[in-house]
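The primary structure of each chain is shown beneath.
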Amino acid sequence: MTLLLGIESSCDETAAAVVRDGREVKSSRVASQHELHAPWRGVVPELASRAHAERLPAMIEAALAEAGVSPDELDGVAVAARPGLLGALLVGVCGAKAFAWAHGLPLVDVDHVEAHVYSPLLVVKLEPPYVCLVASGGHTALYLARGFGEGEIDLLGTTRDDAAGEAFDKLAAMLELGFPGGPAVQRLASGGDPDAVELPTTRLEGLQFSFSGLKTAARYALEGRGKHAGGPPPAPADLAAAFQRAVAEQLVSRLAAAAEQAGVSRVAIAGGVAANSALRAASEALCATKGWRLAVPPLCYCTDNAAMIAGLGFHRLRAGLTAPLELEPSPRSEARELGRVLRQRAQQRHHRKQP
Ligand code: KG4
Ligand code: ZN
């Protein structure tokens, strides 16, 4: 039996959890900062860091108390060390280091987005390889999980501009629905007709996403510009429904293409946007048609949490992937950096071939 404490502070949720053997969640505490950032319609990094620093010790204590576990019963501390807001990550990483050092525990660094990829395993048995769409306020990307050791989660494609959740948040800001916008857009969309407003589809090919064109089209429709000139502005509910369908269709078409390319029949969706009912319905329809297995974590593990950090941390600890106390957070993902390194290498090979 291996018990891990997980710590998460990469964006605007301060979270701590205790997970046994990477699967059994003993406790999962999340303190959201949504109300703190709502007046600014987005996350203010400095406010986020300060709130994490104020709340983290109490979250750790609460997670341990709820699990009925004392620090000396733990086998390690896993922390989200990348990607995210640097100052926010720093709070969690410093807290994890201090806790690990004080209790003589191994420290395990975890990639936050890879932890989202892992999150379905907290509730279902899902054997790698599988393709996972991670769609949240900060990330929209496709991954192939071949396993959970170092370098076993490959980035297949990502967004060229906004993240899907960010697109929902921006539409919500235009419609003055408050922040975070995804749930509010979904509520409004439930009473709207998606066919009543024409929105463009992205021309990007392959496994790339783009939502900025959609956002501009929504703004033009509201302001009666471009091809919407002269017409009445759309009903907000219709615009929300059309927008939500367009986002879901783009996400699911790329998820389908990624699974086909990777040759897998198991897919998952994770991240805050996986809570979206239109996305869930479109993914279910896809998997029913293809005969694929679909895994979607429950809402509490879709949005940012520390159980997924401790979950993936268990596999890294088991593989001997511990971090030194000099561990430093990074705003970027290694997978993304790896993609850059691979592209650079390919370019170098290409240049060498030139006469
Ligand atoms: O994973 P998450 O909690 O935090 C990040 O890492 O970003 O995701 C939050 C994002 C927000 O942009 C929010 O608007 C979006 O997920 N979201 C939704 C829904 N619930 C949350 N988007 C669409 N429909 C929803 N029901
Ligand atoms: Zn996240």
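In case you missed it, the structure is sitting above this.
These lines cover the structure that appears in this document, whether it is placed above or below. It should be emphasised that the depicted structure is a prediction, and the values quoted were computed from it without experimental measurement. (Residues numbered from 1 in each chain as written. Chains lettered and ligands numbered in written order. Predicted model: local features only at pLDDT ≥ 70, side-chain atom pairs only at ≥ 80, totals over all residues. Heavy atoms only, no water.)

Some details on the coordination of the zinc ion (ligand 2)
- Only H112 (NE2), H116 (NE2) and D304 (OD) from the protein coordinate the zinc ion (ligand 2), and they sit 2.1 to 2.2 Å from it.
- One can describe the donor arrangement at the zinc ion (ligand 2) as irregular, given that its four donor atoms subtend angles of 91 to 148° at the metal.
- As a motif over one chain, the donors of the zinc ion (ligand 2) read H-x3-H-x187-D. With a gap of 188 residues between them, H116 in helix α4 (residues 112-118) and D304 in the loop between α10 (299-302) and α11 (307-318) connect regions that are remote in the sequence. (Donors = N, O, S within 2.8 Å, 3.2 Å for Na, K, Ca; no water. Tetrahedral: all angles 85-135°; square planar, octahedral: opposite > 155°, others 65-115°. Helix = DSSP H or I, 4+ residues; strand = E, 2+ residues; numbered from the N terminus.)

Some words on the site of ligand 1
- What surrounds ligand 1 is a group of 21 residues, the closest being G137, D169, G182, Q186 and N276.
- G165 is positioned with one of its backbone polar atoms (N or O) 3.2 Å from an oxygen atom of ligand 1.
- Measuring from an oxygen atom of ligand 1, one finds a side-chain N or O atom of D169 at 2.7 Å.
- When ligand 1 is considered free in solution it has 550 Å² of accessible area, and contact with the protein chains removes 90% of it.
- The residue makeup of the shell around ligand 1, split by class, is six nonpolar, 13 polar and two charged. (Near = heavy atom within 4 Å. Polar contact = N/O pair within 3.5 Å; in protein donor to acceptor, adjacent residues only side chain to side chain. Areas by Shrake-Rupley, 256 points an atom, 1.4 Å probe, with all protein chains shown as cover. Nonpolar A, V, L, I, M, F, W, Y, C, P; charged D, E, K, R; others polar.)

A look at the nonpolar core
- With 46 residues, the main nonpolar core has L133, F243 and L251 as its most contacted residues.
- Contributions of two or more residues to this core are made by β6 (130-135), β7 (140-145), α5 (164-174), α6 (182-189), α7 (212-223), α8 (236-262), β9 (266-270) and α9 (277-290).
- Take this core: its biggest share by element is 14 residues, from α8.
- Other than its neighbours up to four places away in sequence, F243 contacts A167, F168, L171, L199, L214, K215 and A218.
- Counting 34 residues, the second largest nonpolar core, distinct from the first, contains A80, A115, I153 and I309. (Core = buried A, V, L, I, M, F, W, Y, C linked by side-chain atoms within 4.5 Å. Buried < 20%, exposed > 50% of the residue type's maximum accessible area, 1.4 Å probe, protein only. Contact = heavy atoms within 4.5 Å.)

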